[in-house]
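# Coordinate analysis (summary)
Chain by chain, the residues run as shown.
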Amino acid sequence: MSLEKAREHLAKYGKDQDIILFEQSSATVREAAADLNTEEGRIAKTMSFILSSGPIVIVAAGDRKIDNRKFKDTFQEKAKMIGPEEVESLTGHPVGGVCPFGVNAGVRVYLDESLKRFDYVYPAAGTPNSAIKLTIKELETTSEYTSWIDVTKLPIQQD
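Residues numbered from 1 in each chain as written. Predicted model: local features only at pLDDT ≥ 70, side-chain atom pairs only at ≥ 80, totals over all residues. Heavy atoms only, no water.

## Let's talk about the sheet that holds strand S3 (residues 54-61)
Strand order across the open sheet formed by six strands is S8-S6-S2-S3-S5-S9, with mixed pairing between neighbours. Of all strands in the sheet, those with a lone pairing partner are strand S8 (134-135) and strand S9 (147-149), marking the two edges. Bridging between strand S6 (residues 120-123) and S8 involves two bridges; their strand directions are antiparallel. The residue bridging Val 121 from the neighbouring strand is Leu 134, located in S8. Where helix H2 (residues 29-36) meets the sheet, its contacts fall on strand S2 (43-51) and S6, and the angle it forms with S2 comes to roughly 155°. Against the sheet, helix H3 (residues 68-75) engages S2, S3, strand S5 (108-112) and S9, with an angle of about 130° to S3. (Pairing = 2+ DSSP bridges. Helix = DSSP H or I, 4+ residues; strand = E, 2+ residues; numbered from the N terminus. Contact = heavy atoms within 4.5 Å. Axes fitted to C-alpha atoms, helices over the stretch in contact; angles between N-to-C directions.)

Here is the structure:
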């Protein structure tokens, strides 16, 4: 169902046939990067949050994490991720397959500045075993995004 929502949305832009489906999971950044033989930063992870005004999704580079201070400065609210039991009902996509394509009405899509350093990225396409390769311009167009924001930071490296 979710894959079909993403496919139908991407069809408006002639990109529905570009969805890549994997035999195995690509639900995590590490899995997707391995499946696509690319660096983790190019995996455009889509994170879902709830604000007082409703649900939002933020698409960010896979090698970044949310910076709570930047999030609060941007949205004037603390970052509150949508719980796994509500992700699909609020966004229209299941955990591991959340993407900016074919989201439920009222879900605002934001793109994080961390993506701009790449010429192309791989967001999911509605399932935990799908992706699509898009240029940044194609991501802007197909995601029907609200705006670019800067709400991420590099994670602390563990040895």
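## Section: the pairing of S3
When you tally the buried positions in S3, you get eight out of eight residues, the bulk of the element. Here eight bridges tie S2 to S3, and the two strands are oriented antiparallel to one another. By the bridge assignment for S3, Thr 46 is matched with Val 59. Relative to S5, S3 runs parallel, the two sharing four bridges. Residue Val 59 lies in a different strand from S5, and its bridge partner there is Leu 111. (Buried < 20%, exposed > 50% of the residue type's maximum accessible area, 1.4 Å probe, protein only.)

## Remarks on the environment of Ser 2
Here Ser 2 is to be found in helix H1 (residues 2-11). Note: C-alpha distance between Ser 2 and Ile 66 (64 residues apart in sequence) is 25 Å. At 3.5 Å, the side chain of Ser 2 forms a polar contact with the backbone oxygen of Gly 92. Within the local environment of Ser 2, its side chain forms a polar contact with the side chain of His 93, the two groups lying 2.3 Å apart. (Polar contact = N/O pair within 3.5 Å; in protein donor to acceptor, adjacent residues only side chain to side chain.)

## A word on the packing of aromatic side chains
A complete count under the given rule lists five aromatic pairs for this structure. Look at Tyr 120 and Tyr 122: their rings are 5.8 Å apart centre to centre, the planes differ by 90°, and that puts the pair in the edge-to-face class. One aromatic cluster is present, built from ring pairs that chain together Phe 49, Phe 71, Phe 75 and Tyr 110. The ring of Tyr 120 has Arg 42 sitting right over it, with the charged end atom 4.2 Å from the ring centre. The ring of Trp 148 has Lys 116 lying over it, and the distance from NZ or CZ to the ring centre is 4.6 Å. (Phe/Tyr/Trp six-rings, centres within 6.5 Å; stacked < 30°, edge-to-face > 60°. Lys NZ or Arg CZ within 6 Å of the ring centre and 35° of its normal.)

## Details of the pairing of S6
In the sheet, S2 pairs with S6 via two bridges, with the strands oriented parallel. Its bridge partner lying in S6, Ile 43 is registered against Tyr 122.

## With respect to the nonpolar core
Counting residues in each nonpolar core, the largest one holds 27 residues, and the members touching the most others are Val 59, Phe 101, Leu 115, Val 121 and Leu 139. Secondary structure elements with two or more residues in this core: H1, S3, S5 and helix H5 (136-143). Contact partners of Leu 115, with chain neighbours within four places excluded, come to Ala 44, Val 59, Ala 60, Ala 61, Val 121, Ile 136, Leu 139 and Trp 148. By size, the runner-up hydrophobic cluster in this structure holds twelve residues, among which are Ile 56, Ala 60, Phe 75 and Tyr 110. (Core = buried A, V, L, I, M, F, W, Y, C linked by side-chain atoms within 4.5 Å.)

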